[in-house]
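Report on the structure
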Amino acid sequence: MADSREDAGLFLIDPPRRGTLPLGRFHVARRLARTVRQDLYEVRTDTAFMAVVSLCAQTGPRRLETWINHGIESLYGQLFQRGQAHSVECWKDGALVGGLYGVSLGGAFFGESMVSRARDASKIALVHLVARLIVGGYSLLDTQFITDHLEQFGVEEIPRAEYHRRLAKALEQTADFNQFQGRGQLALQAINQAS
């Protein structure tokens, strides 16, 4: 993380309690499930990775500063080129309207940031990410922190030692980010089958 967009420094976070989203207990509210089934957005993966990172780094009325500095943006680009970072993108009429990105190592996915410029776009991207992780054989979705936005999906906070145990196990696994290919209804089916 960085203190601001223009801060050149980087620092790592290893909090005493860590946010994770249990894949087998991921909760999708009824209203959101209806929206996901409607396929309001075209959901793509890895077609505009750097655009998603850039969109996540933008400030706005509700967020005056960002932790994504230029150095971090460059490093994520390098991870993407190596196949270790991915984006889930929501498109509407040819425009990127939201999504998320993160890093994939073994059976662990580290959700880094998400953004929405249209109704429920980041939530829909998250639903598709979780379906993708379930089908692909992942066991850990690291959110770093608990946010109001993530609480509705069942995010939990676990002690550092438990997180490190789960992480070590997940890193030993083999998972495939690209195994899932499907629209909204299939994403919801994958999530429901894992519950």
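Residues numbered from 1 in each chain as written. Predicted model: local features only at pLDDT ≥ 70, side-chain atom pairs only at ≥ 80, totals over all residues. Heavy atoms only, no water.

This next bit is on the packing of aromatic side chains. Scanning the entire structure with this criterion turns up 5 aromatic pairs. Judged by centre distance (5.0 Å) and plane angle (75 degrees), the ring pair of Tyr-76 and Tyr-101 falls under edge-to-face. With Tyr-76 in helix H3 (residues 70-81) and Tyr-101 in strand E4 (residues 95-105), the pair connects residues that are 25 residues apart, well separated along the chain. Each member of the pair, Tyr-76 as well as Tyr-101, is classed as buried. (Phe/Tyr/Trp six-rings, centres within 6.5 Å; stacked < 30°, edge-to-face > 60°. Helix = DSSP H or I, 4+ residues; strand = E, 2+ residues; numbered from the N terminus. Buried < 20%, exposed > 50% of the residue type's maximum accessible area, 1.4 Å probe, protein only.)

Sheet topology places strand E1 (residues 17-20) next to strand E7 (residues 156-159); 4 bridges connect them, and they run antiparallel. Opposite Gly-19, over in E7, you have Glu-157 as the bridge partner. In the sheet, E1 pairs with strand E6 (residues 140-144) via 2 bridges, with the strands oriented antiparallel. Residue pairing in the sheet places Gly-19 in a bridge with Gln-144 of E6. (Pairing = 2+ DSSP bridges.)

What follows is about the side chain of Ser-122. With respect to the helices, strands and loops of the structure, Ser-122 is situated in helix H4 (residues 121-136). Judged by relative accessible area, which is 6%, Ser-122 ranks as buried. Excluding residues that lie within four positions of it along the chain, Ser-122 makes contacts with Gly-99, Met-114, Val-115, Ser-116 and His-149. (Contact = heavy atoms within 4.5 Å.)

For helix H6 (residues 160-171), built from 12 residues, the straight-helix expectation of 16 Å at 1.5 Å per residue is met to within 8% by its first-to-last C-alpha distance of 16 Å. For H6, the set of buried residues is Tyr-163, Leu-167 and Ala-170. The arc that holds every buried residue of H6, seen down its axis, measures 65 degrees, which confines them to one face. Facing away from the buried side of H6 by over 90 degrees, the exposed positions are Ala-161 and Lys-169. Close packing links the buried residues of H6 with E1, E4, strand E5 (108-116), E6 and E7. (Expected span 1.5 Å × (residues − 1). Arc of directions from axis to C-beta.)

Right, let's talk about the packing of H4 against helix H7 (residues 184-194) for a bit. Each pair of packed helices gets described by two things: the angle between the helix axes and the distance between those axes. Viewed as axis vectors pointing N to C, H4 and H7 meet at an angle of 55 degrees, and their least axial separation amounts to 9 Å. Here H7 runs oblique to H4, going by the angle between their axes. In terms of crossing hand, the pair formed by H4 and H7 is left-handed. Residues Val-127, His-128, Val-130, Ala-131, Ile-134 and Val-135 of H4 form the contact with H7, whose own contacting residues are Gly-184, Ala-187, Leu-188, Ala-190, Ile-191 and Ala-194. Class assignment for the residues of the contact of H4 with H7 results in 10 nonpolar, 2 polar and no charged. (Axes fitted to C-alpha atoms, helices over the stretch in contact; angles between N-to-C directions. Parallel < 35°, antiparallel > 145°, perpendicular 65-115°, else oblique. Left-handed = near helix turned anticlockwise from the far one by under 90°. Nonpolar A, V, L, I, M, F, W, Y, C, P; charged D, E, K, R; others polar.)

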